[in-house]
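Take a look at the letters that make up each chain.
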Amino acid sequence: MISKGRLLAGGVILFALVCLVSTVDFSRGRVPETNSPLVGDVLAATTARECGRDATEVVARHLPAGMEQAAAEAILNAATIVAPRPWFWTPAMETSTIWTGDTLEALRTIKTTAFGTNLLRVHMTFGDGKLRRLAAEVVCRFG
């Protein structure tokens, strides 16, 4: 028969192994699947540790000044990822678009892990149906 001490030690070792694997796997985050060139370029230019990073230059390659409003909105709407199918947590996917006059602020999830989410925040100002100003940053939410 197995003693209670050995059974308890085996349980603790198994728990520690599961915690180690899940922490390494989900803290670094899996590379998100996306068909959006915009999200792919932003992910290539940033890392999970760069919260608050300015991404205006990367986003401006896909949304140049003078672009038609409808085309810019279509590119922004296509900026999505396929949510991972984790086994112990539910991914937090965030997609929001807020209009204030001629200014659009959009949040798109570009990476999600068990410990937090990276979001692309884009501010666009339109005038006469064309993109006039653009600002973008990668923000992180933990928990």
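Computed from a prediction, not measured in an experiment: that's the story for all the values here.

Participant: Looking at this structure, how should I read the overall build of the chain?
Facilitator: Along the backbone of the chain there are four helices and five strands. Overall, the chain shows an N-to-C arrangement of helices and strands of α-α-β-α-α-β-β-β-β. Within the span of the chain, comprising 143 residues, buried residues form 33% of the whole. A separation of at least 24 residues holds for 56% of the contacts in the chain among residues at least 6 apart in sequence. Only carbon and sulfur atoms are counted for the fraction: they give 59% of the accessible area of the chain, which is about 8,900 Å².

Participant: I would appreciate a short explanation of the environment of Gly 52 in the present structure.
Facilitator: You can see Gly 52 is positioned in the loop between α2 (37-45) and β1 (53-54). For the pair Gly 52 and Glu 137, spaced 85 residues apart in sequence, the C-alpha separation works out to 6.1 Å. Residues contacting Gly 52, with those up to four places away along its chain left out, are Glu 137, Val 138 and Val 139.

Participant: Would you mind going over the sheet that holds strand β3 (residues 103-112) with me for this structure?
Facilitator: Strand pairing in a sheet takes place through backbone hydrogen bonds and is either antiparallel or parallel in direction. Within the open sheet, the five strands sit side by side as β1-β5-β4-β3-β2. Their pairing is antiparallel. Looking at which strands have only one partner, the edges of the open sheet turn out to be β1 and β2 (95-100). As paired strands, β2 and β3 are joined by six bridges and run antiparallel to one another. When the bridges of β3 are listed, Ile 98 appears paired with Glu 105. With respect to the sheet, α2 is in contact with β1, β3, β4 (116-127) and β5 (130-142), its orientation differing from that of β3 by roughly 65°.

Participant: Help me out: how do you make sense of the confidence of the model for the chain in this one?
Facilitator: Low pLDDT marks regions whose predicted coordinates should not be analysed in detail. Mean pLDDT over the chain: 84, with 87% of residues reaching 70 or higher. The secondary structure element of the chain with the lowest average pLDDT is helix α1 (residues 4-28), at 74, and the one with the highest is helix α3 (residues 56-62), at 94.

Participant: Help me understand the pairing of β3, please; the structure alone is not making it clear to me.
Facilitator: Across a regular strand the side chains alternate sides, sitting on one face of the sheet and then on the other. Within β3, eight of the 10 residues are buried, leaving the element largely enclosed by the surrounding structure. Between β2 and β3, which follow one another and run antiparallel, lie two residues, and Gly 101 among them has a positive phi close to 65°. Two elements, β3 and β4, share nine bridges in a ladder whose sense is antiparallel. Pairing of Leu 104 across the sheet is with Met 124, part of β4. Where β3 folds back on β4, the antiparallel hairpin that results is connected by three residues.

Participant: Where do I start with the side chain of Thr 112 in this structure?
Facilitator: Relative to the assigned elements, Thr 112 resides in strand β3. A relative accessible area of 5% places Thr 112 in the buried class. Once residues lying within four places of it in the same chain are set aside, the contact partners of Thr 112 are Pro 84, Trp 89, Pro 91, Ala 92, Met 93 and Thr 117.

Participant: Explain the nonpolar core to me, please; I cannot follow it from the model alone.
Facilitator: The nonpolar side chains of soluble globular proteins are, as a tendency, buried together. If you look at the biggest cluster of nonpolar residues, it comprises 23 residues, and the most contacted ones within it are Val 42, Val 59, Leu 63, Leu 120, Val 122 and Met 124. Secondary structure elements with two or more residues in this core: α2, α3, α4 (69-77), β3, β4 and β5. The residues contacting Val 122, other than those within four sequence positions of it, are Leu 76, Leu 104, Glu 105, Ala 106, Leu 134, Ala 135 and Ala 136.

Conventions adopted
- Residues numbered from 1 in each chain as written.
- Predicted model: local features only at pLDDT ≥ 70, side-chain atom pairs only at ≥ 80, totals over all residues.
- Heavy atoms only, no water.
- Helix = DSSP H or I, 4+ residues; strand = E, 2+ residues; numbered from the N terminus.
- Buried < 20%, exposed > 50% of the residue type's maximum accessible area, 1.4 Å probe, protein only.
- Contact = heavy atoms within 4.5 Å.
- Areas by Shrake-Rupley, 256 points an atom, 1.4 Å probe, with all protein chains shown as cover.
- Pairing = 2+ DSSP bridges.
- Axes fitted to C-alpha atoms, helices over the stretch in contact; angles between N-to-C directions.
- pLDDT = per-residue confidence, 0-100.
- Core = buried A, V, L, I, M, F, W, Y, C linked by side-chain atoms within 4.5 Å.

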